[in-house]
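Geometric and topological summary
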Amino acid sequence: IQPNSLFSFAVASVENGDQVPGSDFKNNTFTGRVGTDVGAKLLLDFAARYSDTESTSYPEASGGPIHAVLDEVDTRDQEQISLTAAGVYSLTARASMTVNAGYVEHEEGFVSRGVLPGVQDGVPPNSADSTLKRSSLSTFLNFRVNESMQVAAGMDYVDEKGSSVGFVEIFPGFVLP
């Protein structure tokens, strides 16, 4: 490893327990990063992150664990991964070229049994599953005109693909996608 290098790695796990019956949150996250000078003119930086979350709670306006007519909790699951890479190459004492690349993938699922009508109108059962994949690439040139001014020119490319599929059950047997 070069003298001007960085390395970090973090692992985190959170579980809030069941402080309110039916309400739970669990998250595990792993993060890593490494960056280094490759010779006198090139800096490289790489990072990665993974996160997995599960949570439950009584639906809003359900009355919670004490007053809910349906003793059913909403569930939500999320998973995300992100990767990045960056490089900065010094062309001259005043000019440099930067290249950044990134990838993100996110998946999320949500299910609610709904809330029966009562004091309020109620909430129909509903669900949603969503995914997003994003790739990006950018490159630009920086030119330092003087100590207080820089000029930059470059371009970005982003490709996103996503979907969200869900339903709302207006009344038993009648589901809207």
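Right above here is the structure, for reference.
Cut-offs used in this document
Residues numbered from 1 in each chain as written. Predicted model: local features only at pLDDT ≥ 70, side-chain atom pairs only at ≥ 80, totals over all residues. Heavy atoms only, no water. Helix = DSSP H or I, 4+ residues; strand = E, 2+ residues; numbered from the N terminus. Buried < 20%, exposed > 50% of the residue type's maximum accessible area, 1.4 Å probe, protein only. Contact = heavy atoms within 4.5 Å. Areas by Shrake-Rupley, 256 points an atom, 1.4 Å probe, with all protein chains shown as cover. Lys, Arg positive; Asp, Glu negative; His and termini not counted. Charge placed at Lys NZ, Arg CZ, Asp CG, Glu CD. Phe/Tyr/Trp six-rings, centres within 6.5 Å; stacked < 30°, edge-to-face > 60°. Polar contact = N/O pair within 3.5 Å; in protein donor to acceptor, adjacent residues only side chain to side chain.

**Here we look at the overall build of the protein**
When you go through the protein residue by residue, the secondary structure sums to one helix and eight strands. Reading the secondary structure of the protein in the N-to-C direction produces β-β-β-α-β-β-β-β-β. Evaluated residue by residue, the protein yields a buried proportion of 19% over its 177 residues. When contacts within the protein are restricted to residue pairs at least 6 apart in sequence, long-range pairs at least 24 apart make up 54% of them. A total accessible area of about 12100 Å² is found for the protein, and carbon and sulfur atoms account for 59% of it. Within the protein, the 23 negative side-chain charges are centred at a point lying 14 Å from the centre of the 11 positive side-chain charges.

**Some words on the packing of aromatic side chains**
Scanning all chains against the criterion turns up two aromatic pairs. Ring geometry for F171 and F174: centres 5.1 Å apart, planes at 10°, overall stacked. According to the relative accessible area criterion, F171 is partly exposed, its value standing at 48%.

**Thoughts on the environment of A85**
Within the fold, A85 resides in strand β4 (residues 74–90). Sequence separation between A85 and A101 is 16 residues, and the spatial gap between their C-alpha atoms is 5.2 Å.

**Some remarks on the environment of T92**
Topologically, T92 is positioned in the loop between β4 and β5 (95–112). Once the C-alpha coordinates of T92 and K41 are considered, the two residues, 51 residues apart in sequence, prove to be 8.9 Å apart. Within the structure, T92 has its side chain in polar contact with the backbone nitrogen of R94 (distance 3.1 Å). At a separation of 3.0 Å, a polar atom in the side chain of T92 contacts the main-chain amide nitrogen of A95.

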